[in-house]
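# Chains, contacts and geometry: an overview
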Amino acid sequence: MGNLSQIEVGKIEKLNAILVKHEEDIYTLAKREHDILKTKTGLVDYELNVDISFYKEEGENPLVSWEENMKQRFTTGSLSPISNKKNHNVTSTCWKQNDLNSQHHCWLLHRLYDDFFIPWAEILEIKHIWYDIQITYQYTCDIDLES
């Protein structure tokens, strides 16, 4: 794993800034839905997930897709670290490059290179992100045949 050029490192930093904004949007939209769901009458439980896909070109098959569980983030503070403002940069385990290792990486960027092992060259070709807020409403009711 060779060192990246200064231009590539700069593009990674720029991409991260863009992804931070998308993380904030995802969090805000999911939080809004969570707050609405808490007020639903008769709702027993729900699932609140975000499906995230990255594309090199819009309309092509995604480079990568995954689902983030957002409900747990709002109810217990666990699981999805989307928009938690922490530094998820772990590049120093593979790249000994100070300008890359010193960057502050958001969760989405971390997932791309560390969890899905997408090479930097492909990450830098990403042109489109798609995310769906998925809500599953869960209801139950008792049936009493004796009354």
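A short tour of the structure in this document, coming up.

### Details of the layout of surface pockets
Looking at the second largest pocket, its volume works out to about 160 Å³. By residue number, the principal contributor to the lining of the second largest pocket is helix α1 (residues 6-37), which donates 4 residues. A class-by-class count of the residues in the lining of the second largest pocket yields 5 nonpolar, no polar and 3 charged.

### Describing the nonpolar core
Leu 19, Ile 52, Phe 54, Leu 109, Leu 112, Trp 120 and Ile 123 are the most contacted members of the largest nonpolar core, which totals 32 residues. Of all the secondary structure elements, the ones that give two or more residues to this core are α1, β1 (45-55), β2 (64-69), α4 (107-115) and α5 (120-123). Per-element tally for this core: the top contributor is α1, with 7 residues. Discounting chain neighbours no more than four positions away, the residues touching Ile 123 are Leu 15, Leu 109, Leu 112, Tyr 113 and Ile 118.

### Things to note about α1
Helix length check: α1 (32 residues) gives 46 Å between terminal C-alpha atoms against 46 Å at 1.5 Å per residue, within 8%. Val 9, Ile 12, Leu 15, Asn 16, Leu 19, Glu 23, Ile 26, Ala 30, His 34 and Leu 37 are the residues of α1 that are buried. For α1, the secondary structure elements touched by its buried residues are β1, α2 (71-75), α3 (98-101), α4, α5 and β3 (128-138).

### Overview of unusual backbone geometry
Its identity is not glycine, yet Ser 83 carries a phi of approximately 60°, on the positive side. Examined against the element boundaries, Ser 83 turns out to sit in the loop between α2 and α3. Residue Ser 83 is classed as buried on the basis of its relative accessible area, which comes to 12%. The backbone of Lys 85 sits at a positive phi, close to 70°, despite the residue not being glycine.

### Some words on the packing of α1 against α4
Interhelical geometry of α1 versus α4 gives an angle of 125° and a closest axis separation of 8 Å. Judged by the inter-axis angle, α1 sits oblique to α4. In this structure, α1 contributes Ile 12, Leu 15, Asn 16, Leu 19 and Glu 23 to the contact, and α4 contributes Trp 107, Leu 108, Leu 109 and Leu 112.

### Section: the sheet that holds β1
Read from one edge to the other, the open sheet built from 3 strands follows the order β2-β1-β3, with strand pairing classed as antiparallel. Of all the strands in the sheet, just β2 and β3 have a single pairing partner and so form its edges. Averaged over all adjacent pairs, the angle separating strand axes in this sheet is 20°, with direction ignored. Where β1 meets β3, 11 bridges bridge the pair, whose relative direction is antiparallel. Counterpart to Tyr 55 in the pairing with β3 is His 128.

### Notes on the environment of Tyr 113
Tracing the backbone through its elements, the reader meets Tyr 113 in helix α4. A sequence separation of 10 residues divides Tyr 113 from Ile 123, and the C-alpha atoms of the two residues are 7.8 Å apart. Once residues lying within four places of it in the same chain are set aside, the contact partners of Tyr 113 are His 88, Asn 89, Val 90, Thr 91, Trp 95, His 105, Ile 118, Trp 120 and Ile 123.

Reading the values: the criteria
Residues numbered from 1 in each chain as written. Predicted model: local features only at pLDDT ≥ 70, side-chain atom pairs only at ≥ 80, totals over all residues. Heavy atoms only, no water. 1 Å grid on protein atoms, 1.4 Å probe; cavity = no way out; pocket = protein on both sides within 12 Å on 5 of 7 lines; lining within 4 Å. Points joined across faces, edges and corners; volume = space filled by probe spheres on them. Helix = DSSP H or I, 4+ residues; strand = E, 2+ residues; numbered from the N terminus. Nonpolar A, V, L, I, M, F, W, Y, C, P; charged D, E, K, R; others polar. Core = buried A, V, L, I, M, F, W, Y, C linked by side-chain atoms within 4.5 Å. Buried < 20%, exposed > 50% of the residue type's maximum accessible area, 1.4 Å probe, protein only. Contact = heavy atoms within 4.5 Å. Expected span 1.5 Å × (residues − 1). Axes fitted to C-alpha atoms, helices over the stretch in contact; angles between N-to-C directions. Parallel < 35°, antiparallel > 145°, perpendicular 65-115°, else oblique. Pairing = 2+ DSSP bridges.

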